[in-house]
Structures are given as C-alpha cells and as structure tokens.
Amino acid sequence: MHAPRSTFEAMMPPLALAVSSVVAVAAMTLTPHDGAPVAALFAPSLSRAEILERVALADAALVRHGAFDSIVVAAADTPGLPDRLRRAGAWIVFDPVAIGGCL
C-alpha cells in the first residue's frame, strides 16, 4: 500500500506544466521579428554614448531609449540585427511592441 501523497507532491505535475507553458508563450511573444525594430537591454553600467557605439557597431540606428538608459530600440535595413546586437554586448534582445504593451 502506498502512503498518501502530500498536497505539494500532488500539485507538482500541473504546476510544472503551467510554468513551462508560461515560459514557452513568453519566449514566442518576446522573440523579435527579423527586419523589424528590436529592443535591446545593455549593461546598466554603460553610458548612453557607449550604448550608442555598440548599436553602431551592430550596423543599426538608434530609434530611441527605453524607460531606462540601458534599454534601446534599434533598427537596421539588413537582416540579422538581433544576433549583431548580442555580439555587440546586448544582454537580451526582444520585440519592443510586446514588451511595450506589458509596461
């Protein structure tokens, strides 16, 4: 005979499913579309000038700063901007429309 499961043990499978679903939907929603402007989060220790240099290094144009100086919206005419921004030091690159709707 099995010992009765605790409430915590019984809730683990549905809780794991819920968390993984939220993570998957968030990842799909925040993924930037190639060719569209993107938002990028840089290290907060960087100045506006240093961030502008990194955006230029990624062959992109600065559209505007976000709510914090370390967040920028950038655009480029050539595909591959998210990867170039990551190589230039962006911590995270995401869809500015999706995150703007959340803020």
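Please refer to the structure higher up on the page.
Residues numbered from 1 in each chain as written. Predicted model: local features only at pLDDT ≥ 70, side-chain atom pairs only at ≥ 80, totals over all residues. Heavy atoms only, no water.

Engineer: I tried to follow unusual backbone geometry on my own but got confused; where do I start?
Structural biologist: With glycine set apart, most residues show a phi of negative sign, and most peptide bonds adopt trans. In the Ramachandran plot, Asp59 falls in the positive-phi region, its phi being about 60° despite a non-glycine side chain. Structurally, Asp59 is set in the loop between helix 2 (48–57) and strand 2 (61–65). (Helix = DSSP H or I, 4+ residues; strand = E, 2+ residues; numbered from the N terminus.)

Engineer: Sorry, what's going on with the pairing of strand 1 (residues 38–41) here?
Structural biologist: Note on strand geometry: in a regular strand, side chains alternate between the two faces of the sheet. Looking at chain direction, strand 1 and strand 3 (residues 71–75) are connected through 4 bridges and run antiparallel. The residue of strand 3 that forms the bridge with Leu41 is Ile71. In terms of strand pairing, strand 1 meets strand 4 (residues 92–94) through 3 bridges, oriented antiparallel. Note that in strand 4 the partner of Ala40 across the bridge is Val93. (Pairing = 2+ DSSP bridges.)

Engineer: What's the story with the pattern of salt bridges in this structure? I'm lost.
Structural biologist: Between side chains of opposite charge, a pair can form when the charged atoms approach closely. The full count for this structure, using the stated rule, is 2 salt bridges. Here Arg48 makes a salt bridge to Asp69, at a shortest N to O gap of 3.0 Å. Of this pair, Arg48 sits in helix 2 while Asp69 sits in the loop between strand 2 and strand 3, and the two are 21 residues apart along the sequence. Looking at Asp69, the relative accessible area reads 40%, which means it is partly exposed. (Salt bridge = Lys/Arg side-chain N within 4 Å of Asp/Glu carboxyl O. Buried < 20%, exposed > 50% of the residue type's maximum accessible area, 1.4 Å probe, protein only.)

Engineer: Sorry if this is basic, but what is going on with the environment of His65 here?
Structural biologist: Residue position: His65 is located in strand 2. Sequence separation between His65 and Leu52 is 13 residues, and the spatial gap between their C-alpha atoms is 9.9 Å. If we ignore the near neighbours within four places in the chain, the residues touching His65 are Arg48, Ile71 and Val72. Separated by 3.2 Å, the side chain of His65 and the backbone oxygen of Asp69 make a polar contact. (Contact = heavy atoms within 4.5 Å. Polar contact = N/O pair within 3.5 Å; in protein donor to acceptor, adjacent residues only side chain to side chain.)

Engineer: For this particular structure, what's the right way to read a nonpolar patch on the surface?
Structural biologist: On the surface, a cluster of nonpolar side chains totalling about 390 Å² of accessible area is made up of Phe8, Met12, Leu15 and Val19. The class for Leu15 is partly exposed, based on a relative accessible area of 44%. (Patch = residues over 30% accessible without salt bridge, like charges linked within 9 Å, V, L, I, M, F, W, Y side chains within 5 Å. Areas by Shrake-Rupley, 256 points an atom, 1.4 Å probe, with all protein chains shown as cover.)

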